[in-house]
Amino acid sequence: MNEWGENPIEKSPRITLSRLALFWERSWPALWPVCGVASLFLIIALFDVLPDLPGWLHASILVLFAGALIWTLWRGLRVLRIPGRDAAQRRLERINNLPHRPFEALADSMATAGDDVATQRLWQLHRDRMAQRLKNLRIGWPKPGLIRHDKFALRLALLPVLAVIALVAGPDGVERITRAVAPTITPQPDGNSIALDAWITPPAYTGRPPIFLTRNEAEETSSVAVPSGSVFLAQVTGGDAVPQLGIGEKPTDFNTVTENSYRIEHTLSADANIRIISQETQLDAWRFKVIPDEPPRIALDEAPSSSKRGALRLLYTASDDYGLATVSAVIKRSDVTLDKSITYEIPLAGVNLKKTKGDSFRDLSPHPWAGLPVNLTLIATDAAGLRGESETVAFRLPERNFAHPVAQEIVAARKVLMADPAQNRRGVVDDLGSIAWKPARYADDKVVFMALHTAVRRLRGSAFEKDLDEVQKLLWETALRVEDGTVSLAERDLRRAQQELLEALARNAPESELDRLMDQLQAALSAYMDALTQQMANEQQNNQDIGQIDPNTTLLSRKDLERMMQEIRELAKSGAREAARRMLSQMQKLLENMQAGRGQQQPQAGKAQQMMNDLQKVTKGQRDLLDRTFQESQRRTQEREGTAPNGPEQGAQPQRGDQQGSQPMAGEGEQRGSLTAGAVAQDALRRQLGDIMQRFAEMTGDVPGPMGRAEQSMRKSSKKLRKGDAKGAVPPQTRALDQLQQAMRSAQQQLQQQFGQQPGQGRVRGPGNKPDDRDPFGRTMNSGIQGANTNTVKIPEKSDLQRTREIRDELRRRAAEPSRPQRERNYIDRLLDRF
C-alpha cells in the first residue's frame with residue numbers, strides 16, 4: 001500500500017470522464033451521417049411536400065430515406081468501439097502534456113525486489129513524483145474532429161434550416177410529420193380518377209346553412225330532410241364520360257365546365273331519390289324528404305277600434321315557419337258590391353320575423369268610406385310568396401266627428417258628391433257657394449273662402465271627373481281648417497312622418513335616409529305641438545271654458561316627446577333599430593291616445609287622487625321606518641360582538657322621514673327610547689292606513705286585501721319595538737312595506753275600473769313617479785319619460801351606446817384608409833351596414 005491507496009488508478013473519477021469524452025469523440029463522427037439523413041427527412045416532412053406527391057413516389061422516397069438511415073447506422077456502429085482505460089489515460093496525458101506516461105509509472109513495480117533501502121527510497125521518490133504530476137488533471141472538452149468527416153460543413157446548413165422550419169410549422173409540425181410517414185396509395189380505376197362533391201343549398205329566406213352530402217353509408221330507408229325549394233348541386237371531376245343525374249327513369253347529363261369537370265343543379269320541390277352515375281357505375285345516391293313551406297298565419301287579437309284621434313287601430317298576431325315578408329290590410333265595402341278596396345301595408349318590427357304581435361295605427365278618416373260599414377281582412381306573405389289571410393271582420397270605418405257647423409256642412413257636401421258625382425255635383429256646387437258667401441260663419445278666413453271657390457270652379461268644369469279626387473281632398477282639408485285651424489293639418493303631417501320612419505326602420509334603410517326622416521318627424525312633431533299650443537291660447541283668449549284637466553290623466557309635455565325623439569335617434573345611430581322602432585311605435589300609441597280637448601270636472605277623481613297621495617305617503621313613511629329599524633338592529637348586533645365603530649359620527653345615523661306621525665330614532669345612548677319612538681311612529685302609520693281603508697271602502701265598497709295584511713304586519717312590528725326587539729321588528733316591517741306596494745297597485749286598478757279609464761287614457765297615480773315604477777325593495781326606478789312606460793322597451797345603457805359610437809367611428813376611420821387591404825375594407829363596409 002502506498003499514499004494513493006491500493007488501486008488509485010481505477011478509483012480516479014478523471015479516468016471515467018476521460019473515457020466518456022473519448023467515447024463521444026469516436027461516436028459523433030461515426031453517427032453523424034445518421035443524424036444528417038434524419039435531419040434532411042425532418043426538413044422535407046415539415047415543408048409538407050410529400051403528401052402532395054403521388055402515392056407511389058411518396059412511398060419510394062420513404063423507402064430511400066429508410067435505406068439510407070439503416071446503412072449509415074450500420075456503418076457507424078461497425079467502426080464504433082468503446083474506449084478502454086489505457087486509451088483514457090493516454091488522452092489525459094496528451095491533454096495535460098505529461099511526459100513519461102505517469103499512469104504506467106504508477107502501475108509499474110520494481111523489476112528486482114531486494115532489501116536495499118536506498119533503492120526502495122529511490123523507487124518511492126520516483127512514484128511520488130509521478131503521483132504529483134497526476135494531481136489537478138484537466139479533462140478537456142471532447143474534440144470529435146467532425147470537420148475531417150464533414151468537409152462541406154453540411155451540419156451548419158441543416159441545423160438552422162431545421163430550427164426555422166420547426167418554428168414556422170408550430171403546433172402543426174407533428175401532424176405534418178405524421179402525414180409524411182403515411183403515404184396515401186389509392187387504387188387507380190380504369191381511366192382517370194373520379195371525385196364527387198355534392199351539397200344542398202336551402203333557400204336564403206330559411207336562414208339554414210348548406211348541407212354537405214357525404215358518402216351514403218346508411219340504409220336505403222334513411223333520408224335527408226330539406227326545405228322546399230332547396231337546390232341540389234353536384235360536381236364531378238375526372239372520368240372518361242359525362243356523368244348523369246338519375247331522378248326517375250330518364251337520367252340527365254351533367255353540364256361540362258372544363259375538361260373532365262362537370263356540374264349540375266336541381267331544385268327540390270317534392271320527395272326524390274337522386275343517383276349519380278358515371279360510366280354505368282353508381283357513384284352515390286341519396287333519398288331526400290322535402291319539408292313543405294307552410295303559409296303564414298295571421299289573426300286579429302281584438303276587434304278593430306278607433307284611437308282618440310280617430311285613427312284605425314289594429315292589434316294582430318302573425319307568424320311563419322321561416323319568417324314574415326309583409327303584412328297588409330284590405331278593406332272593402334260590406335253593403336255594396338264594388339271592386340275597389342283600401343289596401344295598405346303594415347310595417348313589421350324587423351326582417352324575417354318568425355312571430356310578431358303588432359299594434360298598427362292608420363288614419364282613414366279622410367277616406368270617403370269613413371263612417372260606412374266595411375269588411376277587413378289581414379294578409380301576411382312570406383319570402384316564398386305564400387299568403388295567409390285572417391278571418392274577415394265587419395266593422396264601421398272610424399269617422400271624424402266635426403263640432404263646427406260649417407265643417408259639418410262641408411263634410412256632408414263631400415259625402416253627397418262622392419256618392420254619385422255626376423248626379424249630385426250641381427247640388428253640391430250650390431251648397432258650397434252658399435257656404436262660401438257667408439264668411440262670418442267661419443271667422444272670415446280667406447284660405448277657406450278661396451278653397452271653397454276653387455272647389456266650385458273645378459266642379460263646374462267639363463273635366464270635373466279628372467279633378468274629382470283633388471276636389472274631395474281639398475274639401476276635407478278645408479273642413480279641418482274650419483274645425484281646429486292648423487292642428488289637424490299638422491296632425492296629418494305628423495302621422496305621415498311617423499309612418500315613413502317606421503317603414504324605413506323596418507327595411508333597414510341607410511343612415512342618411514333615417515337622418516332625413518327623423519329630422520322630418522322632429523319638424524312635424526314640433527309643428528303639431530305649436531298648433532296645439534296656439535289652439536289652447538286662442539280658446540283662452542276667446543274666454544272659452546276649457547275645463548279642468550282630469551288629475552288622473554297622464555300628461556305629456558313637449559320636453560318629454562323631444563326626449564323620446566332623441567333616444568330614438570341615438571338607438572338608430574347605434575344600430576339598435578329594432579329597439580328604436582319599438583320606442584317609435586310606443587310614441588305613436590301615446591300620441592294617438594292623447595286627449596287634446598277640453599277637460600271635465602270629476603270631483604270623485606280628485607278625492608281618489610288625494611287618497612292615493614296619502615297611501616303613497618304612508619308607504620314612504622313605512623320605508624323610512626324600516627331603514628331606521630334595520631340600522632338600529634345592525635348597531636346593536638355590532639355592540640354585542642364588540643365591533644361597533646367608535647364615535648357617534650361613525651354609527652348608523654337615523655334619517656328623518658317627512659311622513660305624518662313618524663319620528664326619528666334617538667342616539668346610541670338611548671337605545672330603549674329610540675325603539676319606543678319607532679313604535680309610536682309605527683302606530684301613527686297604522687292609524688293613517690286605517691283612515692285610508694275606511695275612505696276607500698266608502699268610495700268603492702271594497703278594501704284591497706293587501707291593505708288589511710299591511711295593517712296586521714304593522715301591529716306586529718309595533719309590539720316588537722315596544723319590547724325592545726329591533727331585529728325581530730324588521731321582518732314584519734318588510735312584509736308591511738311589500739303589502740303597501742301591492743295595495744297601491746290593487747287600489748289603482750280598482751279606481752280605474754270605478755271611473756271607467758282605459759289603458760293609455762291616463763291612470764290614477766301619485767305625484768311624480770307612478771306607484772308601479774318601483775323595484776321589489778320599494779325604491780324609485782327611473783322610468784325615463786313621464787307618461788311613457790319605456791320599461792317594456794329594451795334600451796341599451798348610455799355606456800353601451802357610447803361604446804357603440806366609438807366602435808362605429810373607429811370602423812369608419814379604418815374604412816377610409818386606402819393602405820388597408822381591399823378585402824379588409826370590404827369586411828368593414830359590411831360591418832358598417834349594421835349601423
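Here, every reference points to the structure presented above.
Residues numbered from 1 in each chain as written. Predicted model: local features only at pLDDT ≥ 70, side-chain atom pairs only at ≥ 80, totals over all residues. Heavy atoms only, no water.

K.L.:
For this particular structure, what's the right way to read the overall build of the chain?
P.N.:
Along its length, the chain carries 21 helices and 21 strands. By sequence separation, contacts in the chain at least 24 residues apart represent 71% of the contacts at least 6 residues apart. Of the roughly 47,400 Å² of accessible surface on the chain, a fraction of 52% belongs to carbon and sulfur atoms. (Helix = DSSP H or I, 4+ residues; strand = E, 2+ residues; numbered from the N terminus. Contact = heavy atoms within 4.5 Å. Areas by Shrake-Rupley, 256 points an atom, 1.4 Å probe, with all protein chains shown as cover.)

K.L.:
Any chance you could explain the sheet that holds strand β7 (residues 255-258) here in plain terms?
P.N.:
Each strand in a sheet pairs with another by means of backbone hydrogen bonds, the pair being arranged parallel or else antiparallel. What the five strands build is an open sheet, ordered β2-β1-β4-β8-β7; its pairing is antiparallel. Strands with a single pairing partner mark the edges of an open sheet, and in this sheet they are β2 (211-213) and β7. Taking each pair of neighbouring strands and ignoring which way they run, the sheet shows an average axis angle of 25°. Relative to β2, strand β1 (residues 195-201) is paired through three bridges, and the arrangement is antiparallel. (Pairing = 2+ DSSP bridges. Axes fitted to C-alpha atoms, helices over the stretch in contact; angles between N-to-C directions.)

K.L.:
What am I meant to see in the packing of helix α10 (residues 446-460) against helix α11 (residues 464-484) here?
P.N.:
Helix packing for two helices is described by the angle between their axes and how far apart those axes are. Running from N to C, α10 and α11 cross one another at 160°; their axes reach a closest spacing of 9 Å. Between α10 and α11, the angle is such that the two are roughly antiparallel. Both α10 and α11 take part in a crossing whose hand is left-handed. Residues Val447, Val448, Ala451, Leu452, Thr454, Ala455, Arg458 and Leu459 of α10 form the contact with α11, whose own contacting residues are Phe464, Asp467, Leu468, Glu470, Val471, Leu474, Leu475, Thr478, Arg481 and Val482. Considering only residue class, the contact of α10 with α11 consists of 12 nonpolar, two polar and four charged. (Parallel < 35°, antiparallel > 145°, perpendicular 65-115°, else oblique. Left-handed = near helix turned anticlockwise from the far one by under 90°. Nonpolar A, V, L, I, M, F, W, Y, C, P; charged D, E, K, R; others polar.)

K.L.:
What's the story with the pattern of salt bridges in this structure? I'm lost.
P.N.:
Side-chain pairs of opposite charge can arise whenever the charged atoms involved come near each other. Within the structure shown, the criterion is met by 25 salt bridges. Ionic pairing is found between arginine 496 and aspartate 493, a salt bridge with its closest N-O pair at 3.1 Å. Separated by three residues within a single helix, arginine 496 and aspartate 493 lie in helix α12 (residues 487-506), roughly one turn from each other. The class of aspartate 493 is partly exposed, set by a relative accessible area of 32%. (Salt bridge = Lys/Arg side-chain N within 4 Å of Asp/Glu carboxyl O. Buried < 20%, exposed > 50% of the residue type's maximum accessible area, 1.4 Å probe, protein only.)

K.L.:
Got a minute to help me understand α11 in this structure?
P.N.:
Owing to its 3.6 residues per turn, the α-helix aligns residues three or four sequence positions apart on the same side. Taking 1.5 Å per residue as the helical rise, α11 with its 21 residues ought to reach 30 Å, and the 29 Å between its terminal C-alpha atoms agrees with that figure. Along α11, the helix axis deviates most sharply at glutamate 470, where the bend reaches about 35°. All of the buried residues along α11 are Phe464, Leu468, Val471, Gln472, Leu475, Trp476, Thr478, Ala479, Leu480, Val482 and Asp484. Positioned one or two residues after α11, glycine 485 has a phi angle of 70°, which is positive. (Expected span 1.5 Å × (residues − 1). Bend = angle between axes of the 7 residues up to and from the residue.)

K.L.:
What should I look at first to understand the packing of helix α8 (residues 405-419) against α11 in this one?
P.N.:
Where α8 meets α11, the axes come as close as 8 Å, and the angle between the chain directions of the two elements is 165°. Of the possible angle classes, the one that applies to α8 and α11 is roughly antiparallel. When the axes of α8 and α11 are compared, the crossing they make is left-handed. For the pair α8 and α11, contact is made by Val406, Ala407, Ile410, Val411, Arg414, Leu417 and Met418 and by Leu468, Val471, Gln472, Leu475, Trp476, Thr478, Ala479, Val482 and Glu483, respectively. Taken together, the residues of the contact of α8 with α11 sort by class into 12 nonpolar, two polar and two charged.

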